[in-house]
Amino acid sequence: MLPESKLGWMGLALGAAVLAAVPLFVRPYYVELGTYALIAAMLALSLNLLVGCTGLVSLGHGAFYGLAAYTVYLITPEEHGLSLLVTLPVAVLAAGVAALVVGALSLRTRGFFFLMVTLAFGQMLFFLFHDTKIGGGADGAFLARPTLSLLGFELELTRRQRPVAIYYIGLVQMVAMYAGLALLLRSLFGRVLEGIRVNENRMQAIGYNTYRYKLAAFVIAGMLAGVAGHMWALHRGFVNPELVGWHRSAEALLMILFGGLNTLHGPILGALAFTGLGEVAQLLTERKLLVEGLVILFVVLLLPNGLSGMRLPGGWKRGLAATGRPPAERGAESLRHG
Amino acid sequence: MAESRAASAPLLSTSALGRNFGGLAAVRDVSICLHQGELHAVIGPNGAGKSTLVNLLSGHLAPTAGLIQLDGRDISGEPAWRMTRLGIGRSFQRTNVMSSLSVLENVRLAAQAVAGLRLSRLFTPAARENVLVEAARHCLERVGLMGVEDRPCGLLSHGEQRQLEIAMTLAARPRVLLLDEPLAGMGPEEGERFMHLLKDLAREHAILLIEHDMDFVFAVADWMTVMVDGTVLAEGRPPAVRANAEVQRAYLGGHA
């Protein structure tokens, strides 16, 4: 799970440098696509704190993402945007409070039941926004974009004028999230989460109130999803109920599987590749979802550790051999192979 | 030593402890005392309720009747994690470890759980917490499991995993040790070493031992309880238990 210290940080620096260079070479359309991919990466990263690190598979994670986006809409006056330094903390806090409530109740259950309870909470929130006029109902609503005001200097973040600025704001947040998670997983707290993923009953027997640890992880993950949702509102200037629904959560799960859930960078790879795949599929065919589905199916079958677990050419063979084993065993596998 | 047993207050005691599963009384009306510095063995045929008793004492099951007291304080029904924090450590009959984590990490986590860390310290890097690592190493040394610290513990031999179980239990610095068939799967040599460790541990802890190897039990126990059908058939010092006609008939057979 943890990045090998030096290599991990070097990889992070290299990856960030590559992503930072992207806007210099591509058309604005692709900068916007890149921003979307960064947002997806943040959502996948936050969800993987639950799935890959703690062993909690949630289908309600999109709710915190969408709720943060709606929060930006709800606190923004009609005529002008608020400062990013206001909207971000408020949106993240709202997501965190919602995660605390949902987590406190749903974490009383385990496994399949947990999956279903999180799904139910997500759908409740979906219908709250879909069936009431709180956020423009089923059609969604436009909002004034937040502004970036720092030290008296004000930057209006209009998409048409500032796609590059928005891209970089997203990149900074994603890199910060990655680094923060790397530190978190290395901490005593992170080690406990890992222990819970591997054998929760034994962790209880050696003296951990695992419920509290899982709830803390759930709230942190919800807040990080809030960062991604806030970024969506900033990027698109539009909110609709789809942001909250289970489809978004399922997509984030697919990205994690696609990229590999045993590493911290896997979800980022997965989100970038998934977004790129969608784009290519759309260019090539009208049956975008079919192509996406087939590619994901093959990746999951051939690379049980996802794109990040790819070791060509031997990796394919080993991948095939390891297919079908439960993730816990795969964890041991990746430990052995380094 | 029967007199000294009566004189000191028990560290852990149960009174009329019971646990039903539906209509089945797996444990009923069990009153036993565990004393500091005493190795208390519980024997009995399969299905006598020994493991259920351990599960009740360790908080893995809640009793349906009776009391569990630690230092005179009622702790019945507390969850497993709190029992461990209160000083009741247990090992499992079937090895139960975090198999993809390293040997050292398993024991270190056990030490961390009871270290009483402040919230801020939870977010410091684990690599900086030498105290916990040293505590873990010490426990591994004590059970004689050396030189495999960095191995994922799923790769240990069966006997080594049994040793790891004990090391993890000790890392929680318990006052009461509940050992559920710790010898299962150990070779004779490991068993010998374990006997020394057990006698050593018995000096500072109150130990409840469940074991099927009768030679071993009679060699180490200070006090014995014989369970049959979920309830106590007899108790006493090993020679008295060995001589007890009822025990002979119910369980020991031709053994003694």
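Just so it is clear, the model here is predicted, and its values are computed rather than measured.

The next thing to look at is the overall build of chain B. Each helix and strand in chain B was counted, giving 11 helices and 11 strands. A globule of 256 residues ought to have a C-alpha radius of gyration of about 18 Å, and chain B, at 18 Å, matches this closely. Dimensions of chain B, computed from C-alpha atoms along their principal axes, come out at roughly 60 × 40 × 40 Å. Evaluated residue by residue, chain B yields a buried proportion of 54% over its 256 residues.

Scanning the model with the defined rule gives 14 aromatic pairs over all chains in all. Taking the centre distance of 5.1 Å and the plane angle of 80° together, the rings of Tyr29 of chain A and Tyr30 of chain A count as edge-to-face. Note on Tyr29 of chain A: relative accessible area 41%, which makes it partly exposed. Site record: aromatic cluster; members linked through ring pairs are Phe189, Tyr208 and Tyr213 of chain A together with Phe123 of chain B. Positioned above the aromatic ring of Phe92 of chain B, the side-chain terminus of Arg90 of chain B is 4.1 Å from the ring centre. For Arg242 of chain B, the ring lying beneath its charged end belongs to Phe218 of chain B, and the centroid distance is 4.1 Å.

Taken together, the contacts link 26 residues of chain A with 34 residues of chain B. Taking both sides of the interface into account, the surface hidden between chain A and chain B amounts to around 2,400 Å²; carbon and sulfur atoms contribute 63%. Arg202 of chain A is the partner of Glu165 of chain B in a salt bridge, and the nearest nitrogen-oxygen pair spans 3.0 Å. For the pair chain A and chain B, the interface holds 15 residue pairs in polar contact (both at pLDDT 80 or more). Contributions of two or more residues to the side of chain A that touches chain B are made by α6 (163–186), α7 (188–205), α8 (210–236) and α13 (327–336) of chain A. In terms of residue count, the dominant contributor to the side of chain A that touches chain B is α7 of chain A (12 residues). Residue composition of the side of chain A that touches chain B, by class: 13 nonpolar, seven polar and six charged.

Residues and elements named next belong to chain A. Within the secondary structure, Thr71 sits in helix α3 (residues 61–75). By relative accessible area, Thr71 is classed as buried at 11%. Apart from the residues within four sequence positions on either side, Thr71 is in contact with Val90, Ala91 and Ala94.

All names here are of chain B. Domain parsing of chain B yields domain 1 (1–87 + 175–256) and domain 2 (97–173). Look at where the C-alpha atoms of domain 1 and domain 2 centre, and you get two points 26 Å apart. Surface buried jointly by domain 1 and domain 2 totals about 1,200 Å² across both partners, of which 59% is contributed by carbon and sulfur atoms. Our enumeration of links across domain 1 and domain 2 arrives at two salt bridges. Its salt-bridge partner being Arg142, residue Glu204 comes within 2.9 Å of it at the nearest N-O pair. For the interface between domain 1 and domain 2, the tally reads four residue pairs in polar contact (both at pLDDT 80 or more). Listing elements by their share of the side of domain 1 that touches domain 2, those giving two or more residues are α3 (80–86), β8 (176–180) and α8 (188–204).

Basis of the calculations
Residues numbered from 1 in each chain as written. Chains lettered and ligands numbered in written order. Predicted model: local features only at pLDDT ≥ 70, side-chain atom pairs only at ≥ 80, totals over all residues. Heavy atoms only, no water. Helix = DSSP H or I, 4+ residues; strand = E, 2+ residues; numbered from the N terminus. Rg over C-alpha atoms; globule rule 2.2 N^0.38 Å. Buried < 20%, exposed > 50% of the residue type's maximum accessible area, 1.4 Å probe, protein only. Phe/Tyr/Trp six-rings, centres within 6.5 Å; stacked < 30°, edge-to-face > 60°. Lys NZ or Arg CZ within 6 Å of the ring centre and 35° of its normal. Contact = heavy atoms within 4.5 Å. Buried area = accessible area lost by both parts, 1.4 Å probe. Salt bridge = Lys/Arg side-chain N within 4 Å of Asp/Glu carboxyl O. Polar contact = N/O pair within 3.5 Å; in protein donor to acceptor, adjacent residues only side chain to side chain. Nonpolar A, V, L, I, M, F, W, Y, C, P; charged D, E, K, R; others polar. Domains from an automatic or database assignment.

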